[in-house]
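One letter stands for each residue in the lines below.
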Amino acid sequence: MATFPESSPSPRYPLVVEPEFNTLISGFDGRGEQRRKKSLYPKYNVTVKYDNISVAEAKTLWEFYIARSGAYEAFYIYDLALLLGHSFNHVGEYCGTGDGSTTIFDIPGRSTSSRTVYSDGVDVTSDVSFLTGGGSSSSDRVQFDVAAPATGKIITIDFTGYLRMRVRFLEDKLPRGVFIYNLYVYGIKLKGLASA
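Residues numbered from 1 in each chain as written. Predicted model: local features only at pLDDT ≥ 70, side-chain atom pairs only at ≥ 80, totals over all residues. Heavy atoms only, no water.

Asker: I would appreciate a short explanation of the environment of Ala2 in the present structure.
Answerer: Turning to its location among the elements, Ala2 is positioned in the segment before strand 1 (16-20). Linking Ala2 and Asn89, residues 87 residues apart in sequence, is a C-alpha distance of 25 Å. The residues contacting Ala2, other than those within four sequence positions of it, are Phe64, Arg68, Phe75 and Tyr76. (Helix = DSSP H or I, 4+ residues; strand = E, 2+ residues; numbered from the N terminus. Contact = heavy atoms within 4.5 Å.)

Asker: For this particular structure, what's the right way to read the pairing of strand 12 (residues 154-169)?
Answerer: Each regular strand carries side chains that alternate between the two faces of the sheet. In terms of burial, strand 12 is largely enclosed, as 13 of its 16 residues are buried. When strand 5 (residues 75-79) meets strand 12, the two strands line up antiparallel, connected through five bridges. Along strand 12, the bridge assignment pairs Phe75 with Val167. Pairing between strand 6 (residues 89-97) and strand 12: six bridges, direction antiparallel. Bridged to Glu93 within strand 12 is Ile157. Taken together, the seven bridges between strand 8 (residues 109-119) and strand 12 define a ladder with antiparallel strand orientation. From the neighbouring strand, Val117 faces strand 12, where its bridge partner is Ile157. The pairing of strand 12 with strand 13 (residues 188-192) spans three bridges and is classified as antiparallel. Pairing of Arg168 across the sheet is with Lys191, part of strand 13. (Buried < 20%, exposed > 50% of the residue type's maximum accessible area, 1.4 Å probe, protein only. Pairing = 2+ DSSP bridges.)

Asker: Even after reading the chapter, I still don't get the sheet that holds strand 10 (residues 128-131), so can you show me in this structure?
Answerer: The strands that make up a sheet pair up through hydrogen bonds in the backbone, lying either parallel or antiparallel. The three strands are arranged 7-11-10 in an open sheet whose pairing can be described as antiparallel. Edge positions in the sheet fall to strand 7 (104-106) and strand 10, since each has one partner strand and no second. Recorded for the sheet is a direction-independent mean angle of 25° between the axes of neighbouring strands. Two strands pair when backbone bridges link them, and strand 7 and strand 11 (residues 141-144) are joined in this way by three bridges, in the antiparallel orientation. Residue Phe105 lies in a different strand from strand 11, and its bridge partner there is Val142. (Axes fitted to C-alpha atoms, helices over the stretch in contact; angles between N-to-C directions.)

Asker: Would you take a moment to explain the packing of aromatic side chains for this structure?
Answerer: The geometry of an aromatic ring pair is captured by the separation of the ring centres together with the interplanar angle, meaning the angle of the planes. For the coordinates displayed, the defined rule picks out twelve aromatic pairs. Between Phe4 and Phe64, the ring centres sit 5.5 Å apart and the planes meet at 85°, which makes this aromatic pair edge-to-face. Taken as a pair, Phe4 in the segment before strand 1 and Phe64 in helix 1 (residues 55-67) lie far apart in primary sequence, 60 residues in all. The residues Phe4 and Phe64 share a single accessibility class, namely buried. Relative to Phe75, the ring of Phe64 has its centre 5.0 Å away and its plane inclined at 85°; by these criteria the two rings are edge-to-face. Placement of Phe64 in helix 1 and of Phe75 in strand 5 is noted, with a sequence separation of eleven residues between them. Side by side, Phe64 and Phe75 carry an identical accessibility label, which is buried. (Phe/Tyr/Trp six-rings, centres within 6.5 Å; stacked < 30°, edge-to-face > 60°.)

Asker: How do you make sense of unusual backbone geometry when you look at a structure like this?
Answerer: A negative phi angle characterises most non-glycine residues, just as the trans form characterises most peptide bonds. Residue Ser111 is not a glycine yet carries a positive backbone phi of 55°. Mapped onto the elements of the fold, Ser111 is located in strand 8.

Asker: Is there a simple way to think about the side chain of His90 in this case?
Answerer: You can see His90 is positioned in strand 6. From its side chain, His90 meets the backbone oxygen of Gly161 in a polar contact 3.1 Å long. For His90, the contacting residues outside a window of four places in its chain are Ile157, Asp158, Phe159, Gly161 and Leu163. (Polar contact = N/O pair within 3.5 Å; in protein donor to acceptor, adjacent residues only side chain to side chain.)

Asker: Is there a simple way to explain the pattern of salt bridges in this structure?
Answerer: Oppositely charged side chains may form a pair once their charged atoms are brought near each other. Here the structure, examined in full by the defined rule, presents seven salt bridges. The closest approach of N and O atoms between Arg164 and Asp106, which form a salt bridge, is 3.6 Å. Here Arg164, found in strand 12, pairs with Asp106, found in strand 7; they are 58 residues apart in sequence, far enough to count as distant. Of the residues examined, Arg164 reaches a relative accessible area of 12% and is grouped as buried. (Salt bridge = Lys/Arg side-chain N within 4 Å of Asp/Glu carboxyl O.)

In structure tokens, the structure reads:
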């Protein structure tokens, strides 16, 4: 899967990252309410904005938009807020679901540290090794050393590092002039998608 261009051009940091939860809220006559989660993990909507950008850099971003066919193709973007010296902790991020044979799972991040891995909520960090890079879009990976997680086991992780978010362009119909104008003024909006 493709990765949003990071270095040339370099967007304004930190990115605007908006977690989107999916909660069903039912009101009662007594003014109380009942809440239920409709999804276990948030999606992350992102806005990317630029302070300065050359014609060649604007062309690179436009070509990336065209190559994704607007809103059609998903891609990854990393929250590189750490470049500003901030260290964000990410809790309960989805890595994958066990199938009884897969032993390596992508961590939804890179340059990760302070990692704790869970299998169905049980800490299994002592049974795993961590691999730097090599995952989809250069993400770090976790390798189960003792045995592959059983079928249906949900693998999650807590970590500090750059969060990898699966997104798509929000707009499917965007004239080139408006696209370039938005880079400076409003930013380019990316719609968060469920982890693959």
